[in-house]
Amino acid sequence: MRNRYLDLLRSLAIIRVVIYHVTGWATLTLVFPAMSVMFALAGSLMAASLTRTGPAAVGRRLRRLLPSLWVLAVVFVPAMLFTGLPASPRVLLWLFPIADPPANHWGALALSVIWYLRDYLWFVFASPVAFWLFRRAPLPTLLAPYLLLVAIEVGIYPAPPVLREFGLYFGAWLLGFAHHAGMLRRLPGRLLYPLALALAVGGGAWIVGHPGPRGYDLNDNHLGNALWSAAFILIALGRAPTGVAWLSRSRLAERAVTVLNRRALTVYLWHMPFVVALTPLVDVVGWSHQDPVGLAIRVLLVFALVGLVTLAVGWVEDVAARRRPELVPVASAQAADAAARPVGAAVPAQRTAEEVGNIEINAR
């Protein structure tokens, strides 16, 4: 049975991503480190898939991830080729982005969120081995990415960028493994809360002592980001309720959570091009980014445009998940039951692949 609390958490993360990219407010990254939270949720779902199907889960994840990217590429890659992008074999990375796919001057910004898919693919490939190690030595496996990141940040090990990404985000992915295994929930409060506090203090101190070009923005500070996000994940997942009964009492909220979860990848991939395209236009009409009203109009316009493109191509996510295509997804009866179940109520043990396999996408 789906846990609608996790669906709600993912929905809030998607909303936060869009608002952050429109406003640029660094504080949002501290209040809700959505990137690491979403990697943790992805890791939890990946662990569930590996438990059920073993290494075959890798192919299943790729099948759910790539078709929506290909739809985006069909639109933007020809446009970039016509406006200066050299036609080279690297363009094929838009089909399978194990490295940053090439982009021209405007595409580099409008499609910058593709970095997440690159990291996601590597984490999926690494998961069978990592899961095997985690089940035999959970604590050393959990600590390994963070120790790697410390070694990189203090200059002990000048690692390539891909290993730095593992140090930062694979730690959150492995915390998702721990969530799936029930380790986070079993941690007593006398251990969990002091540990979370220590991580938050350590991460906060590193952030204050090493501000980036945007100030105290987690995206500019790898080690601070990892520690601060780990503290957030410990609380958000370690003390996660089994359900959110209030959600079923609001049809609008229930429907919004369902749509955002079923269309998370589409929203993620398409929102940034609209943010980039609208910025010069709204400046012309006087909706300054320094004006709260102007910012609110920008946010609403981006969500409206993303809503339109989601109606047009969001159904690709249904096809990739082998669901019946829908223009606007509706909550299943089982999801509604999960939302209505009181916190702490028993959850049926049986769950299908489609119930657990909701796509997990996010951005900074």
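One can find the structure itself at the top, above this paragraph.
Residues numbered from 1 in each chain as written. Predicted model: local features only at pLDDT ≥ 70, side-chain atom pairs only at ≥ 80, totals over all residues. Heavy atoms only, no water.

(A) Broad picture of the overall build of the protein chain. A count of helical and extended segments in the protein chain gives 17 helices and zero strands. Within the protein chain, buried positions represent 51% of all 364 residues. At a minimum sequence separation of 6, the contacts of the protein chain that also span at least 24 residues come to 76%. Per element, the accessible surface of the protein chain, about 16100 Å² overall, is 72% carbon and sulfur. (Helix = DSSP H or I, 4+ residues; strand = E, 2+ residues; numbered from the N terminus. Buried < 20%, exposed > 50% of the residue type's maximum accessible area, 1.4 Å probe, protein only. Contact = heavy atoms within 4.5 Å. Areas by Shrake-Rupley, 256 points an atom, 1.4 Å probe, with all protein chains shown as cover.)

(B) Examining the packing of helix α1 (residues 4-23) against helix α12 (residues 251-262) more closely. At a minimum axis distance of 9 Å, the contact between α1 and α12 shows a crossing angle of 75°. The angle between the axes of α1 and α12 places the two elements in the roughly perpendicular class. Each of Arg4, Asp7, Leu8, Arg10, Ser11, Ile14 and Ile15 in α1 lies in contact with α12, whose residues at this interface are Glu254, Val257, Thr258, Leu260 and Asn261. Considering only residue class, the contact of α1 with α12 consists of five nonpolar, three polar and four charged. (Axes fitted to C-alpha atoms, helices over the stretch in contact; angles between N-to-C directions. Parallel < 35°, antiparallel > 145°, perpendicular 65-115°, else oblique. Nonpolar A, V, L, I, M, F, W, Y, C, P; charged D, E, K, R; others polar.)

(C) Inspection of the pattern of salt bridges at higher detail. The tally for this structure, following the rule as stated, stands at 13 salt bridges. Among the salt bridges present, the one from arginine 118 reaches glutamate 165, with a minimum N-O distance of 3.6 Å. One end of the pair, arginine 118, is in helix α6 (residues 115-136); the other, glutamate 165, is in helix α8 (residues 161-181), with 47 residues separating them in the sequence. In this pair, the class of arginine 118 matches that of glutamate 165, namely buried. In this structure, the salt-bridge partner of aspartate 318 is arginine 263, at a minimum N-O distance of 2.7 Å. In this pair, aspartate 318 sits in helix α15 (residues 315-320) while arginine 263 sits in the loop between α12 and α13 (264-284), placing the two residues 55 residues apart along the sequence. (Salt bridge = Lys/Arg side-chain N within 4 Å of Asp/Glu carboxyl O.)

(D) Geometry of the environment of alanine 277. Mapped onto the elements of the fold, alanine 277 is located in helix α13. Judged by its relative accessible area of 43%, alanine 277 falls in the partly exposed class.

(E) Representation of the layout of surface pockets within the structure. Of the voids in this model, the second largest pocket is the one considered here, and its volume is about 380 Å³. In this structure, the second largest pocket is lined by 17 residues; those nearest its centre are Leu139, Leu142, Leu143, Leu175 and Leu195. Elements supplying a minimum of two residues to the lining of the second largest pocket: α7 (138-153), α8, α9 (183-186), α10 (189-209) and α11 (222-238). Residues of the lining of the second largest pocket, tallied by class, amount to 17 nonpolar, no polar and no charged. (1 Å grid on protein atoms, 1.4 Å probe; cavity = no way out; pocket = protein on both sides within 12 Å on 5 of 7 lines; lining within 4 Å. Points joined across faces, edges and corners; volume = space filled by probe spheres on them.)

Remember, this is a structural readout, not a statement about activity or role.
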